[in-house]
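Now for the letters of each chain:
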Amino acid sequence: MSDKRQDYISWDEYFMAVAKLAGMRSKDPNTQVGACIVSNDNKILSMGYNGFPRGCSDDDFPWAREGDTLETKYVYTVHSELNAILNYRGGSLEGAKLYVSLFPCNECAKAIIQSGIKTIIYDCDKYHDTEPTIASRKMLDAAGVSYRKYEPTDREILITV
């Protein structure tokens, strides 16, 4: 009989930490969102964070939140969920789980549904009452994609590099 360690982190803690770590790659000065796609047998398939498309310099495109539409980040940014889906090189995502630090918007919900992801575990839902998030939940419900809020354990995970 072994005396294995009992205080190891759960799968949810592990994958949400990976998603949040991915979000730390974002150069967005206001919102850093990360996503991690996981197979049913708990293997990481892909990760993503919010940023500009490949080849579009983050020094040449705007990070502003307000102003003329073409002078804001919103028309140029690829969200973490879509980046994770597009970064996957292994074929089908059918039945996969998505860990994401912010509840998906309506545009990401479409990509999640189309990719075959069946479960979303999200951390923050600060835009819960906005039209894009209401539309997102409507589509996810209709398509049979389940979602649940991540239940934090208040465990602190410290990474020193």
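These lines cover the structure that appears in this document, whether it is placed above or below. Every value quoted in this text rests on a predicted model; they were computed, and no experiment measured them. (Residues numbered from 1 in each chain as written. Predicted model: local features only at pLDDT ≥ 70, side-chain atom pairs only at ≥ 80, totals over all residues. Heavy atoms only, no water.)

### Section: the sheet that holds strand β3 (residues 97–102)
Phase 1: Taken together, the five strands give an open sheet; going across it, the order is β2-β1-β3-β4-β5, and neighbouring strands pair in mixed fashion. Of all strands in the sheet, those with a lone pairing partner are β2 (44–49) and β5 (146–149), marking the two edges. Sheet twist, expressed as the mean angle between neighbouring strand axes with direction ignored, is 15°.
Phase 2: Pairing analysis gives four bridges linking strand β1 (residues 34–38) to β3, with the strands arranged antiparallel. Directly across from A35, in β3, lies its bridge partner V100.
Phase 3: Running over the sheet, helix α1 (residues 11–23) touches β1, β2, β3, β4 (119–124) and β5 and is turned about 135° from β1. (Pairing = 2+ DSSP bridges. Helix = DSSP H or I, 4+ residues; strand = E, 2+ residues; numbered from the N terminus. Axes fitted to C-alpha atoms, helices over the stretch in contact; angles between N-to-C directions. Contact = heavy atoms within 4.5 Å.)

### What about the packing of helix α2 (residues 80–87) against helix α3 (residues 106–115)?
Phase 1: Orientation of α2 relative to α3, taken along the N-to-C sense of each, is 30°, at an axis distance of 9 Å. It follows that α2 is roughly parallel to α3 by the angle criterion. Between α2 and α3 lies a crossing of left-handed hand. For the pair α2 and α3, the contacting residues are E81, L82 and I85 in the first and C108, A111, I112 and S115 in the second.
Phase 2: A per-class count over the contact of α2 with α3 returns five nonpolar, one polar and one charged. (Parallel < 35°, antiparallel > 145°, perpendicular 65-115°, else oblique. Left-handed = near helix turned anticlockwise from the far one by under 90°. Nonpolar A, V, L, I, M, F, W, Y, C, P; charged D, E, K, R; others polar.)

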